[in-house]
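# A look at the structure
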Amino acid sequence: MPQSNIEQKIRGHLANVQAYTPVDPPELLAQQAGIPESEIIKLNGNENPYGPSPAAADAVANVPLHIYPDPLQRKMRQALSEYTGADVPSIIAGAGSDELIDLLFRLFIEPGDRILDFDPTFAMYAFCARVAGGTVELIQRDELFDIDMDALRDSVDEKTKIIFVSSPNNPTGNLVNEQKVEELLDTGLVVVIDEAYYEFCNQTVANLVPKHDNLVVLRTMSKWAGLAGLRVGYGIMSPELVDHIIDIKSPYNVNVAAEAALLASLEDAPALLGNVAKIVSERDRLNAVLEDMPGITPWPSEGNFILCQLANSEEASRVYEALASRGIFVRNFGSERLQDTFRVAIGTPDQTDAFIAALKEILK
Ligand SMILES: Cc1ncc(COP(=O)(O)O)c(C=O)c1O
């Protein structure tokens, strides 16, 4: 067989690209802990412990699987318009909001362009930027994890194209205020506000979209509607931008099962928002317990997770490992700023009780 030197054909910036660190599936976690899968408590993916709406599960079971989905997503965009109050032409759905993040990079970023990211934050922005050949500028958040506007202004140059802000921020849990979003928009750069956890805080800047064609608001059905496994999210932005995304997306990007589940979930929104209320009250209960626990400090959170601060990185690793050995999985981070923390997703009351009992034992 002739030598193809396949490695050398790979685009230079992708040959050794730093990959995203995803969470492992439950069966692997169970194997690691040496316990049956049914016994693990998975709090590492900010997933919804109550699962999807039964109506969504029914809809998925009954959807014809042999027909391609509507490339223009008419039914989904109509239903999302009714749910969000945004106009249909301002809405576009993706295979998870992850896909929309990637599409925004494809649309705006040429190799060498700069992306501004407020660190620590959701790692997908920097990952997609690297894949697109962009340069990521990580602007450090301040001591309360707020975004630093002076550092931002110093950092913008003619190569800067996009600013990403997650609000509430994953993993720190805090919101960006509307005035700061207005200031970001005034830079004229593309400003993406990722509201993946919107339903847990009811704070949005989607109302600013009609006034600012450089604003993109991202949302997802993964968290509040329990559809993480089906991969469906959406964006709210100017109709012109939606049209450009339609032009470059793969035509059938959201599959028929995800489409059916989204439609059924939006019809069943009151029940799903009831689950959100349970998660929020559980978050507040866990936060109060953690505040009284020696050796650990919770960061206030507006999402379905809490960032927990330990004394130092060794202690954070010890607690992380000790939880994992008991079958309780939380999320740790490799970055210097977060090495003394872990993030725990809010589970059911029973899961919270198990997490608290394990922590008490580990920290005593
Ligand atoms: C801030 C943020 N944005 C987007 C996502 C991804 O959402 P989706 O499942 O819709 O791709 C997550 C998932 O954890 C997230 O935390």
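The notes below deal with the structure included here. (Residues numbered from 1 in each chain as written. Predicted model: local features only at pLDDT ≥ 70, side-chain atom pairs only at ≥ 80, totals over all residues. Heavy atoms only, no water.)

### Looking at the pairing of strand β4 (residues 135–140)
Selection criterion: Any two strands between which DSSP finds at least two bridges are classified as paired. Put simply, DSSP marks the helices as runs of H or I at least four residues long and the strands as runs of E at least two long, and each gets a number from the N terminus on. Consider the strands pointing away from the viewer: the crossover is right-handed when the path from the first strand over the helix to the second runs clockwise.
The pairing of strand β3 (residues 114–119) with β4 spans six bridges and is parallel. When the bridges of β4 are listed, Asp117 appears paired with Leu138. Following the chain from β3 across helix α7 (residues 124–132) to the adjacent parallel β4, one finds a crossover that is right-handed.

### A short note on the site of the ligand
Defined as follows: One heavy atom within 4 Å of a molecule or strand makes the whole residue count as near it. By the criterion applied in these results, polar contacts are pairs of N or O atoms within 3.5 Å in which, for protein atoms, one can donate a hydrogen and the other can accept it, and in which residues neighboring in sequence qualify only through two side-chain atoms. The protein chains shown are the only cover counted for residues, whose accessible areas, like all others here, come from Shrake-Rupley with a 1.4 Å probe.
As a structural note, the neighbourhood of the ligand is formed by 14 residues, with Ser97, Asp194, Tyr197, Thr220 and Ser222 the closest of them. Tyr197 is positioned such that a nitrogen or oxygen atom in its side chain is 2.7 Å from an oxygen atom of the ligand. With respect to the ligand, the side chain of Thr220 contributes an N or O atom lying 2.5 Å from an oxygen atom. When isolated, the ligand has an accessible area of 400 Å², and the protein chains bury 93% of it.

### Some words on helix α12 (residues 269–291)
Heads up, the condition is: Expected helix span is given by 1.5 Å per residue-to-residue step, counting one fewer step than there are residues. Think of it in three bands: with a 1.4 Å probe and only protein chains considered, a residue is buried below 20% of the maximum accessible area for its type, exposed above 50%, and partly exposed in between. Between two residues, a contact is recorded if the distance between any of their heavy atoms is within 4.5 Å.
Between its first and last C-alpha atoms α12 spans 32 Å; for 23 residues at 1.5 Å apiece the expected length is 33 Å, and the two agree. When we look at burial in α12, the residues that qualify are Ala269, Leu272, Asn275, Val276, Ile279, Val280, Glu282, Arg283, Leu286, Asn287 and Leu290. Buried residues in α12 make contact with α5 (74–84), α11 (256–267), β9 (297–298), β10 (305–309), β12 (341–345) and α14 (349–363).

### Section: the sheet that holds strand β8 (residues 233–236)
We apply this condition: Note on geometry: axes are C-alpha line fits, over the in-contact stretch for helices, and angles between N-to-C directions span 0 to 180 degrees.
Ordered by their spatial adjacency, seven strands build an open sheet running β2-β8-β7-β6-β5-β3-β4, and the pairing between neighbours is mixed. The sheet terminates laterally at β2 (91–94) and β4, the two strands that pair on one side only. If you compare each strand with its neighbour and ignore which way they point, the axes differ by 25 degrees on average. Summarising the sheet, strand β6 (residues 190–194) and strand β7 (residues 215–220) pair through four bridges and their orientation is parallel. Paired with Val192 across the strands is Val216, a residue of β7.

### Some remarks on the layout of surface pockets
Rule in force here: Cavities and pockets were defined on a 1 Å grid built from protein atoms only: a cavity is a group of points that admits a 1.4 Å probe but offers it no way out, a pocket is an open group of points flanked by protein on both sides within 12 Å along at least five of seven lines, and a lining residue is one with an atom within 4 Å of any such point. Grid points are joined across faces, edges and corners, and a volume is the space filled by probe spheres set on the points. In this count, Pro and Cys sit with the nonpolar residues alongside Ala, Val, Leu, Ile, Met, Phe, Trp and Tyr, while Asp, Glu, Lys and Arg are called charged and the others, Gly among them, polar. Throughout, the edges of the domains are those of an automatic or database domain assignment.
Considering only enclosed or pocket space, the largest pocket measures out at about 1,300 Å³ in volume. Contributing to the lining of the largest pocket are 50 residues, with Tyr20, Thr21, Phe122, Ala123 and Arg331 lying nearest its centre. Element by element, the count of residues in the lining of the largest pocket is highest for α7, at four residues. Residue classes in the lining of the largest pocket are distributed as 23 nonpolar, 16 polar and 11 charged. Per-domain counts for the lining of the largest pocket show at least three residues from each of domain 1 (6–39 + 270–363) and domain 2 (58–268). If you add up the space inside the second largest pocket, you get close to 280 Å³. Surrounding the second largest pocket, 17 residues form its lining, Gly85, Ala86, Asp87, Ala206 and Ile236 being those nearest its centre. Among the residues forming the lining of the second largest pocket, the class breakdown is eight nonpolar, six polar and three charged.

Geometric values such as these leave the question of function open.
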